[in-house]
Amino acid sequence: MTYNPFQRFHWQLAHGRSLELGPRGVLMAIINVTPDSFSDGGRFADATAAVAAATRALDDGAAILDIGGESTRPDADPVDAAEEQARILPVIQALASQTDAIISVDTYRAETARLAVKAGAHIVNDVHGLQREPAIAQVAAESGAGLCIMHTGRDRRKLGDVVEDQFQFLNRSLEIASEAGVTRDRIVLDPGYGFAKDADENLELMARFAELHRFGLPFLVGTSRKRFIGAVTGREARDRDAGTAATTALLRSAGAAIFRVHDVAINRDALAVADAMLSAKNSRRDTKP
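Since we're looking at a predicted model, the values are computed, not measured.

> Summarise the sheet that holds strand β4 (residues 64-68); cite the residues concerned and give the values.
Two pairing modes exist for strands in a sheet, parallel and antiparallel, and in both the strands are linked by backbone hydrogen bonds. A sheet is described by the order of its strands in space; here 8 strands give the open sequence β8-β7-β6-β5-β4-β3-β10-β9, paired in parallel fashion. The sheet is open, and its two borders are formed by β8 (187-190) and β9 (220-221), each paired with just one other strand. Two strands pair when backbone bridges link them, and strand β3 (residues 26-32) and β4 are joined in this way by 5 bridges, in the parallel orientation. Its bridge partner being in β4, Met28 is matched across the sheet by Ile64.

So this is what it looks like as structure tokens:
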């Protein structure tokens, strides 16, 4: 049977939570507790500001809060595990106690992931696709956390074809997850827009997004304010939310399930239009004789 990215997929998460994916697009809000993230560094660098930003994101329509303590931009200063944990754990603890939000931790470190889930996180979001610290897969398996596995082209030789490179990298990641005991109902994939991909590669990966459904799993996409949007629009990072919303609508139409964004409100509207169009399309299909 052909995989349908719009069918219901109940993503199983830590602490007995789950999230329905498929019929409607889902927004994940970016909450960077860092001084140097590429577009919002320093805005939420302390716990109080981060919690306030997360609360606003929930009010604007976010279903997931993604909390990160280390910038992933290419020239960012490295952060050790202790500093990363000091930044994010108080935020996760506060959000877990003060809200009913689904919380994601943006980390590649197994120990940070373990502590974050213990503090109340439901999802582990690894931008290195389990291939920098494979033990993070074991943390997800033992804690029952949902797992987002991202493709990256950094620190490796890529294949010439952008889609085939997705399969080469992510199939290895899925092997690591399976070997650790992570079940497929806990996994979402991410094509890693912007991670060692130039503008042409990112646009081709958007154009060919439907080919990724051969994995048979839902996809999260993170195009928000990325450099390739700036290459198309000529705008600086802080002014790329309209361009981001355009990618959200296009990728939702192509079957993406979750959208990791800085500006929740504008992307909520983009998703509303895309989902309404998809609903009308499906209704027309259902009424054909």
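> For the environment of His128, give the residues involved together with the corresponding values.
Relative to the helices and strands, His128 is located in the loop between β6 (123-126) and α4 (135-143). Residues His128 and Phe228, 100 residues apart in the sequence, show an inter-C-alpha distance of 20 Å. In this structure His128 touches Tyr108, Met150, Thr152 and Phe169, once residues within four positions along its chain are discounted.

> Run through the nonpolar core, naming residues and quoting values.
If you look at the biggest cluster of nonpolar residues, it comprises 81 residues, and the most contacted ones within it are Trp11, Ile67 and Ile258. With 9 residues, the top contributor of residues to this core is helix α5 (residues 162-180). Sequence-distant contacts of Ile258, defined by excluding residues within four places in its chain, comprise Trp11, Leu21, Val26, Met28, Ile64, Val188, Phe219, Leu220 and Val221.

Analysis parameters
Residues numbered from 1 in each chain as written. Predicted model: local features only at pLDDT ≥ 70, side-chain atom pairs only at ≥ 80, totals over all residues. Heavy atoms only, no water. Pairing = 2+ DSSP bridges. Helix = DSSP H or I, 4+ residues; strand = E, 2+ residues; numbered from the N terminus. Contact = heavy atoms within 4.5 Å. Core = buried A, V, L, I, M, F, W, Y, C linked by side-chain atoms within 4.5 Å. Buried < 20%, exposed > 50% of the residue type's maximum accessible area, 1.4 Å probe, protein only.

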